[in-house]
There are 2 protein chains.
Amino acid sequence: MELIQTNRCFDGEQRIYQMTSQALRGKSKLAIYLPPQALQGQKCAALFYLAGLTCTEDTFVIKAHAQRLAAQLGLILIAPDTSPRGEGVADVDAWDLGQGAGFYLNATQQPWAEHYQMESYIVDEIYPTIVQTFPILNHAIGIFGHSMGGHGALTLAWKYPEKFKSVSAFAPICAPTECPWGEKAFSNYLGDDQAEWAKHDATQLVLTMGQKFTEVLIDQGLNDQFYSQLHPETFQQACNKVGQKLTLRLHDGYDHGYYFIQSFMDDHLQFHALQLQK
Amino acid sequence: MELIQTNRCFDGEQRIYQMTSQALRGKSKLAIYLPPQALQGQKCAALFYLAGLTCTEDTFVIKAHAQRLAAQLGLILIAPDTSPRGEGVADVDAWDLGQGAGFYLNATQQPWAEHYQMESYIVDEIYPTIVQTFPILNHAIGIFGHSMGGHGALTLAWKYPEKFKSVSAFAPICAPTECPWGEKAFSNYLGDDQAEWAKHDATQLVLTMGQKFTEVLIDQGLNDQFYSQLHPETFQQACNKVGQKLTLRLHDGYDHGYYFIQSFMDDHLQFHALQLQK
């Protein structure tokens, strides 16, 4: 990892790194907030944040307003980009497919398979690298995200519960096999076999794998312009069915954006800090 | 004022308005955060934030992380754009002059005088409009800002102490008549007469007008890449000379950007809330 920017923030440091990724076959940027405790070498819990469609590694660090409480709680925050980038990386003229829309899975179909390997990038590359590089408490790593990144957080948590000890999401795509965003992305990245799709659908994963976490927290705005894409109730039913404790909070007046996310950010950080320090 | 965007945020609303300004001879955008108390019709203190070079009305609301505590304290936040905008508005190919660099004064020189009337826009147009439109406590209006906007906050506060009851700044341009940014802007907007410049220089205003506020708060990063443009010590000497209480805090490792600002935002909001609720 090459450090390309660092800014002092709440006595910690907001950093941007660049990694050469074997999975993505190219360079990728990564934002990491180190709280003051980590700068002093003290072991900290860490939390991955996966952003939504059209976002980059910068979105979370600028718009989510998480650093203040992360500094207090001693949480390391890790925000990857949302897809591979650059010339030579397949793309289309759409904001919900291609660059900015990696969906946190490994594509098997052309032209995507060459670079779109976000699942491997996060789990097999970033994860061990940050464990090696920063003072992180053993097993104290959680994951959360927003929209497409909420889908990413839920699915990666269920696929790798030995890696992620806590999970939460803001307005996640809970059942991508049943919404236009997911159908478009999955048919392009994974092909037509719906059995393959199910392996990357949070609701399906919960039904198949069962209860995996002490508690899951989801916040959802009731004025969300993309509500019909998200299906939180479907996910809730799956959790109920397998006995997975879920706190699903529905919020009057809130929409899909970062003004919603920042409003409930502190609750998520507190939620993870509690789970991770157990 | 025409409401063009609104987002629920910490149970208040982050809004963007568009105004047709007589002073600017054109349309101008304005960001206003209304805390929940204001939405319920309760009278609140209000705080103008003036942003720095290259910024817009959006910068503060996205990057400064002020809404959380403003919601708790019941503070209305008002963030104007940094200059007139649009086709027909004079501009040059520079980030420190023209659009994005209005310096919160009324230009007297061509081609700037036609639209660059930011002082009148803020004091004679926005100020009475927001007093009329929102539930604002009598005389409970403060002003703060960053860099060029710190210069704007200090100078407008000293020019209009009957309008602004409290003032603070992040890394303000404290003595624009003595730094390249100020010399460039003032010679273009105000011409060559340095007596005119002095009327828009915070240090000169303090020396001329004397003590005006119970206390002034300035935060300054010691790793600020623009430190040589800012002269906080010169301002401090002027305050000492006239008996103006100033709290100037110098912070190791912090630079000029919004990661610095967000780190001390809560202190500024608390400072103003205390002054304004006296």
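Quantities reported herein were computed from a predicted structural model and do not represent experimental measurements. (Residues numbered from 1 in each chain as written. Chains lettered and ligands numbered in written order. Predicted model: local features only at pLDDT ≥ 70, side-chain atom pairs only at ≥ 80, totals over all residues. Heavy atoms only, no water.)

Observations concerning the UniProt feature "active site" (unreviewed entry) in chain A
Residue and element names in this part refer to chain A. Mapped onto the present numbering, the UniProt feature "active site" (unreviewed entry) falls at S147, D224 and H256. Taken together, the annotated residues stretch across 110 residues yet fold into one region, lying no more than 10.8 Å apart by C-alpha. Looking at the secondary structure, you find S147 in the loop between strand 6 (136-146) and helix 5 (148-159). Take S147: its relative accessible area is 3%, and that puts it in the buried class. With respect to the helices and strands, the residue D224 is situated in the loop between strand 8 (216-221) and helix 9 (232-242). Residues in contact with D224, not counting those within four places in the same chain, are A171, L230, Y254, D255 and H256. For D224, the side chain forms a polar contact with the side chain of Q220, separated by 3.0 Å. (UniProt positions renumbered as here; feature names shortened; annotations may be inferred. Helix = DSSP H or I, 4+ residues; strand = E, 2+ residues; numbered from the N terminus. Buried < 20%, exposed > 50% of the residue type's maximum accessible area, 1.4 Å probe, protein only. Contact = heavy atoms within 4.5 Å. Polar contact = N/O pair within 3.5 Å; in protein donor to acceptor, adjacent residues only side chain to side chain.)

With respect to the relation of the copies chain B and chain A
Look at the two chain copies: a rotation about an axis and a shift along it is all it takes to match them. Between chain B and chain A, which share one sequence, the superposing operator has a rotation angle of 180 degrees and an axial displacement of 0.0 Å; the RMSD is 0.0 Å. Interpreted geometrically, this transformation is the action of a two-fold axis. A shared interface surface links the copies, since 100% of the contact residues of chain B are contact residues in chain A too. (Least-squares fit on C-alpha atoms with pLDDT ≥ 70 in both.)

Description of the sheet that holds strand 5 (residues 75-80) of chain A
To summarise the sheet geometry, strands pair through backbone hydrogen bonds and adopt either a parallel or an antiparallel arrangement. Residue and element names in this part refer to chain A. Read from one edge to the other, the open sheet built from 9 strands follows the order 1-2-3-5-4-6-7-8-9, with strand pairing classed as mixed. Two strands close off the open sheet at either side, each with one partner strand: strand 1 (2-9) and strand 9 (246-251). Averaged over all pairs of adjacent strands, the angle between their axes in this sheet comes to 20 degrees, without regard to strand direction. Bridging between strand 2 (residues 12-21) and strand 3 (residues 26-34) involves 9 bridges; their strand directions are antiparallel. From the neighbouring strand, Q18 faces strand 3, where its bridge partner is K29. Of the strands in this sheet, strand 2, strand 3, strand 4 (44-50), strand 5 and strand 6 touch helix 4 (residues 118-133), which is tilted by about 130 degrees from strand 2. Packed onto the sheet, helix 9 meets strand 8 and strand 9 and runs at close to 160 degrees relative to strand 9. (Pairing = 2+ DSSP bridges. Axes fitted to C-alpha atoms, helices over the stretch in contact; angles between N-to-C directions.)

Points about the sheet that holds strand 1 (residues 2-9) of chain B
Residue and element names in this part refer to chain B. With respect to topology, 9 strands assemble into an open sheet ordered 1-2-3-5-4-6-7-8-9, the strand pairing being mixed. At either margin of the open sheet sits one strand with a lone partner, and together these are strand 1 and strand 9 (246-251). Across the sheet, the mean angle from the axis of one strand to that of its neighbour is 20 degrees, orientation sign disregarded. Relative to strand 5 (residues 75-80), strand 3 (residues 26-34) is paired through 4 bridges, and the arrangement is antiparallel. Across the sheet, A31 pairs through a bridge with A79, a residue of strand 5. Packed onto the sheet, helix 5 (residues 148-159) meets strand 4 (44-50), strand 6 (136-146), strand 7 (166-170) and strand 8 (216-221) and runs at close to 140 degrees relative to strand 6. Most of the contacts of helix 9 (residues 232-242) go to strand 9, to which it runs at about 160 degrees, and overall it touches strand 8 and strand 9.

A closer look at the interface of chain B and chain A
The interface of chain B with chain A comprises 22 residues on the first partner and 22 residues on the second. The contact between chain B and chain A buries some 2000 Å² in all, and 53% of this surface belongs to carbon and sulfur atoms. At the boundary of chain B and chain A, one finds 0 salt bridges. Counting every contact that joins chain B to chain A gives 11 residue pairs in polar contact (both at pLDDT 80 or more). Of all elements in the fold, only strand 1, helix 2 (57-63), helix 3 (67-73) and helix 10 (258-276) of chain B reach the threshold of two or more residues within the side of chain B that touches chain A. (Buried area = accessible area lost by both parts, 1.4 Å probe. Salt bridge = Lys/Arg side-chain N within 4 Å of Asp/Glu carboxyl O.)

Points about the pattern of salt bridges
Residue and element names in this part refer to chain A. Enumeration according to the criterion identifies 20 salt bridges over all chains in this entry. Here D96 makes a salt bridge to K184, at a shortest N to O gap of 2.8 Å. Pair noted here: D96 is in the loop between strand 5 and helix 4 and K184 is in helix 6 (residues 180-190), with a separation of 88 residues, a long-range link. Exposure remark for K184: the relative accessible area of 33% places this residue in the partly exposed category. The residue K199 makes a salt bridge to E196 at a minimum N-O spacing of 2.8 Å.

Side note on the side chain of H146 of chain A
All names here are of chain A. Mapped onto the fold, H146 is located in strand 6. For H146, the side chain forms a polar contact with the main-chain oxygen of H256, separated by 2.7 Å. Sequence-distant contacts of H146, defined by excluding residues within four places in its chain, comprise Y49, L50, A51, G52, F170, A171, H256, Y258 and I261.

Thoughts on empty space enclosed by the protein
Counted according to the given criterion, the structure contains 1 cavity of 30 Å³ or more. There is about 100 Å³ of room inside the largest cavity. As for the largest cavity, its lining consists of F10, H65, R68, Q262 and D266 of chain A together with F10, H65, R68, Q262, M265 and D266 of chain B. Take the lining of the largest cavity: its biggest share by element is 3 residues, from helix 10 of chain B. (1 Å grid on protein atoms, 1.4 Å probe; cavity = no way out; pocket = protein on both sides within 12 Å on 5 of 7 lines; lining within 4 Å. Points joined across faces, edges and corners; volume = space filled by probe spheres on them.)

Focus on unusual backbone geometry
All names here are of chain A. Of note, the bond from Q110 into P111 is cis; its omega dihedral lies within 30 degrees of zero at 0 degrees. The topology assignment puts P111 in the loop between strand 5 and helix 4. Positive phi, normally seen in glycine, also occurs at A171, with a value near 45 degrees. Along the chain, the position of A171 falls in the loop between strand 7 (166-170) and helix 6. One non-glycine residue, H231, lies in positive phi territory at about 55 degrees. Taking relative accessible area as the criterion, H231 reaches 22% and is therefore assigned partly exposed.

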